[in-house]
Amino acid sequence: MMASQKPQAKNMNNFFNPSRPSPRPWPNRKKQTNKSAIFICSVSLLVVFFVVVVFFITYSEMPKSLFSISAFSGYVQFPQCRSEILTRTLLGQKFLWYAPHSGFSNQLSEFKNAVLMAGILNRTLIIPPILDHHAVALGSCPKFRVLSPSEIRISVWNHSIELLRTDRYVSMADIVDISSLVSSSAVRVIDFRYFASLLCGVDLETLCSDDLAEQSQAYESLKQCGYLLSGVRGNVDKCLYAVDEDCRTTVWTYKNGDADGRLDSFQPDEKLKKKKKLSYVRRRRDVYKTLGHGTEAESAAILAFGSLFTAPYKGSELYIDIHKSPKIKPLVEKVDFLPFVREIMRAGKKFASETIKAPFLCAQLRLLDGQFKNHRESTFTGLYQKLESLSIKNPGLINVFVMTDLPESNWNGTYLGDLSKNSTNFKLHFIGEQDESLVRTEHELASAGHGQKFGSIPMSLDSIKKMQNHCAPHGGSNVQLYIEEAVCSCASLGFVGTAGSTIADSVEMMRKYNACSSS
């Protein structure tokens, strides 16, 4: 199961840390001699020494992006960028990598946006793992307080390697069914594990090992790959283009009639600009004109975004506004709803039919996390009103399936506690952390290995065996959440969700597409 806290890495919590040593303190000057010749000579030497020291300190403290790696020999800095790797090992394909973050629902939303970006830019999408809940946090776009793209790419790389080392790596494609996207050639994909193995020159067995030695060649190769993909060292000609535009400066569009580069309607207000001393200006930019055919980015084998999260905000979008473009309408329709894989849907339907055994209402109550803990009463009020309405229409016992982050031991003194005691009118159902269905489904998902079945670069039989034997997850997948959503999609008496919760949005989408009956 997914851990509730960010796991601590073993000996390598930060897989790499691009810190620089502090310059040595300025030495104490000796007392000047009273001889003018020695004085003049000493002053001259000190001036020269000062100029040299200032240059090297200034150079070391400058952002590396100011000194383009492409101006030097890229293959010396990054052996992964040698032409034989890019053209032979990676078959000359162009890839898109991005940095997902926050909870599963946000990560799924970003994945859909990544599919659209990959389709527009004709790139192979690198399918990421599902990160631990809030292991990586973006920040707040409305407040213009977010991690930079390079920072979030570093964090995601570190966490992805940690998931591999601790046998908790679960691909997004292990949980979400992308077979329709791949079979229709809507997008090309490759698993992150296989891509990292090819690019970094690290054997899959070693990559998924929990005893990766810090002084080993594999460790150094992965460390160097992390530097490359994060973009902290700048772009590398024909190898990497790191997208540094984020939600503070950019809203990506695509052929929707916008004048490229015009101001977006949402800008930081004057009060915020003065308080935080902000100078950001948000512009709407066409993603194809900026990163597609004929641009500097097009020649790079790997295009690396930071976050791809967006949401409507004050009449605009926080970062991506391409979903209404008529040019990609078929692809937008394909990614609008991506169902869970059959193992998860089967478990949800089985719980509904064999455990609840009656028509039921689903209540998704997010009560502890973030802003939601401050709106507990309004969340309970929505459930109360729904149950009152059902009681009038359907006199008798009402079955309620509850998915909540509030432990059952803390229900006393809440509306949930009152409902659980009112066994005459209500019967509550929920999936416990030790429920047998969770363990069974985890084993089924590990055996199915859906994420290993898709790839634009064919895997050898040896690689397939190593992926199956060494990279299969032994935990870490938040199966409980997925099954709970599947159960809620089958709730015939309706659904009550928490306002503002992306989990509620996900369930509503499943119900809209009749996921329970169509799976």
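As recorded by an unreviewed UniProt entry, the protein carries the name GDP-fucose protein O-fucosyltransferase and is attributed to Arabidopsis thaliana x Arabidopsis arenosa.

**Q** Got a minute to help me understand the overall build of the protein in this structure?
**A** For the protein, the count of helices and strands is 21 helices and 15 strands. Looking at the 519 residues of the protein, the share that counts as buried comes to 50%. For the protein, restricting intrachain contacts to residue pairs at least 6 apart in sequence, the fraction spanning at least 24 positions comes to 79%. Element-wise, carbon and sulfur atoms account for 52% of the exposed surface of the protein, whose accessible area totals about 25,500 Å².

**Q** What is the right way to look at the packing of helix α19 (residues 479-488) against helix α20 (residues 502-512) in this model?
**A** Each packed pair of helices is defined by two parameters, the angle between the axes and the distance between the axes. Packing of α19 against α20 leaves a shortest axis separation of 9 Å and a crossing angle of 45 degrees. In this view, α19 runs oblique relative to α20, as classed from their interaxial angle. Relative to α20, the crossing made by α19 is right-handed. Along the contact surface, α19 presents L481, E485, A486 and C488, while α20 presents I503, S506, V507, M510 and R511. Tallied by class, the residues present in the contact of α19 with α20 amount to six nonpolar, one polar and two charged.

**Q** Would you explain the packing of aromatic side chains in this entry?
**A** Any two aromatic rings considered together are summarised by their centre-to-centre distance and by the angle between their planes. Within the structure shown, the criterion is met by 16 aromatic pairs. Geometrically, the ring pair formed by F95 and F195 is tilted, given 5.0 Å between the ring centres and 55 degrees between the ring planes. Taken as a pair, F95 in strand β1 (residues 95-97) and F195 in helix α8 (residues 192-200) lie far apart in primary sequence, 100 residues in all. Take F95 and F195: they sit in the same class, and that class is buried. Pairing F337 with Y513 gives two aromatic rings, centres 5.0 Å apart and planes at 10 degrees, and the pair type is stacked. Separated by 176 residues along the polypeptide, F337 in the loop between α13 (329-336) and α14 (342-356) and Y513 in the loop between α20 and α21 (515-518) bring together distant segments of the chain.

**Q** Got a minute to help me understand the side chain of N113 in this structure?
**A** Locating N113 in the fold gives a position in helix α4 (residues 104-121). Polar side-chain contacts of N113 include one of 2.8 Å to the backbone oxygen of L308. If we skip the residues at most four places from it in the chain, N113 touches L308, T310, I320 and H323.

**Q** Explanation requested: the nonpolar core in the structure shown.
**A** Among soluble globular proteins, nonpolar side chains are generally buried collectively. Grouped together as the largest cluster of nonpolar side chains are 131 residues, with contacts concentrated most on F104, L125, W157, L291, F305 and F401. Of the residues forming this core, the biggest block, ten residues, is contributed by α4. Of all hydrophobic cores here, the second largest spans 19 residues; its members include L367, V402, Y415 and L419.

**Q** Where do I start with the state of the cysteines in this structure?
**A** Here, disulfide denotes a covalent bond that connects the sulfur atoms of two cysteines. Evaluation of the coordinates by the stated rule reveals six disulfides. Sulfur-sulfur distance for the disulfide between C141 and C247 comes to 2.1 Å. Here C141 and C247 share a disulfide; its torsion about the S-S bond, -95 degrees, makes the bridge left-handed. You can see C141 sitting in the loop between β3 (139-140) and β4 (145-146) and its partner C247 sitting in the loop between β6 (240-242) and β7 (250-253), a full 106 residues away along the chain. Between the sulfur atoms of C200 and its disulfide mate C225 the distance is 2.1 Å. Between C200 and C225, the disulfide has an S-S torsion of -125 degrees and is therefore left-handed. With C200 in helix α8 and C225 in helix α10 (residues 217-230), this residue pair connects regions lying 25 residues apart in the sequence.

**Q** Would you mind going over the pairing of strand β8 (residues 283-286) with me for this structure?
**A** Residues of β8 alternate between two faces, with R284 and D286 buried on one and R283 and R285 left unburied on the opposite face. Of the pairings in the sheet, the one linking β7 to β8 comprises four bridges and is parallel in character. Bridge pairing in β8 places W252 opposite R285.

**Q** Where do I start with the sheet that holds strand β2 (residues 124-127) in this structure?
**A** Backbone hydrogen bonds are what pair the strands of a sheet, in a parallel or an antiparallel way. If you trace the five strands from one edge of the open sheet to the other, you get β5-β2-β1-β9-β6, paired in parallel fashion. One side of each edge strand has no neighbouring strand; the edge strands of this open sheet are β5 (189-191) and β6. On average, each strand axis in the sheet is inclined to that of its neighbour by 25 degrees, with strand direction left out of account. Here β1 pairs with β2 via two bridges, running parallel. Within β2, the position partnered with F95 by the bridge is T124.

**Q** Got a minute to help me understand the environment of Y513 in this structure?
**A** On the accessibility criterion, Y513 (33% relative accessible area) is partly exposed. Separated by 175 residues in the primary sequence, Y513 and L338 have C-alpha atoms spaced 9.8 Å apart. Leaving out residues up to four positions away in the same chain, Y513 has contacts with D336, F337 and S518.

**Q** Help me out: how do you make sense of helix α17 (residues 436-448) in this one?
**A** Residues three or four positions apart in an α-helix share a direction because the helix packs 3.6 residues into each turn. Its 13 residues place the ends of α17 19 Å apart at the C-alpha level, agreeing with the 18 Å of an ideal helix rising 1.5 Å per residue. For α17, every residue scored as buried is listed here: S437, L438, T441, L445 and A448. Viewed end-on, α17 has its buried residues packed into an arc of 95 degrees, placing them on one side of the element. Every exposed residue of α17 that faces more than 90 degrees away from the buried side is listed here: E436, H443 and S447. The secondary structure elements touched by the buried residues of α17 are α6 (172-175), α14 and α19. The first or second residue beyond α17 is G449, which carries a positive phi of 55 degrees.

**Q** Got a minute to help me understand the pattern of salt bridges in this structure?
**A** Here the idea is simple: oppositely charged side chains can pair when their charged atoms come close. Applying the stated rule across the entire model yields 17 salt bridges. The partner of R342 in a salt bridge is E343, and the shortest N-O contact between them spans 3.8 Å. Judged by its relative accessible area of 53%, R342 falls in the exposed class. Linking D462 and K466 is a salt bridge whose minimum nitrogen-to-oxygen distance equals 3.2 Å. Taken together, the residues D462 and K466, both in helix α18 (residues 461-470) and four residues apart, mark about one turn of the helix. What makes D462 partly exposed here is its relative accessible area of 45%. Each member of the salt-bridge network shares a partner with another, and the members are D264, R282, R284 and D321.

Conventions we followed
- Residues numbered from 1 in each chain as written.
- Predicted model: local features only at pLDDT ≥ 70, side-chain atom pairs only at ≥ 80, totals over all residues.
- Heavy atoms only, no water.
- Helix = DSSP H or I, 4+ residues; strand = E, 2+ residues; numbered from the N terminus.
- Buried < 20%, exposed > 50% of the residue type's maximum accessible area, 1.4 Å probe, protein only.
- Contact = heavy atoms within 4.5 Å.
- Areas by Shrake-Rupley, 256 points an atom, 1.4 Å probe, with all protein chains shown as cover.
- Axes fitted to C-alpha atoms, helices over the stretch in contact; angles between N-to-C directions.
- Parallel < 35°, antiparallel > 145°, perpendicular 65-115°, else oblique.
- Left-handed = near helix turned anticlockwise from the far one by under 90°.
- Nonpolar A, V, L, I, M, F, W, Y, C, P; charged D, E, K, R; others polar.
- Phe/Tyr/Trp six-rings, centres within 6.5 Å; stacked < 30°, edge-to-face > 60°.
- Polar contact = N/O pair within 3.5 Å; in protein donor to acceptor, adjacent residues only side chain to side chain.
- Core = buried A, V, L, I, M, F, W, Y, C linked by side-chain atoms within 4.5 Å.
- Disulfide = S-S within 2.5 Å.
- Pairing = 2+ DSSP bridges.
- Expected span 1.5 Å × (residues − 1).
- Arc of directions from axis to C-beta.
- Salt bridge = Lys/Arg side-chain N within 4 Å of Asp/Glu carboxyl O.

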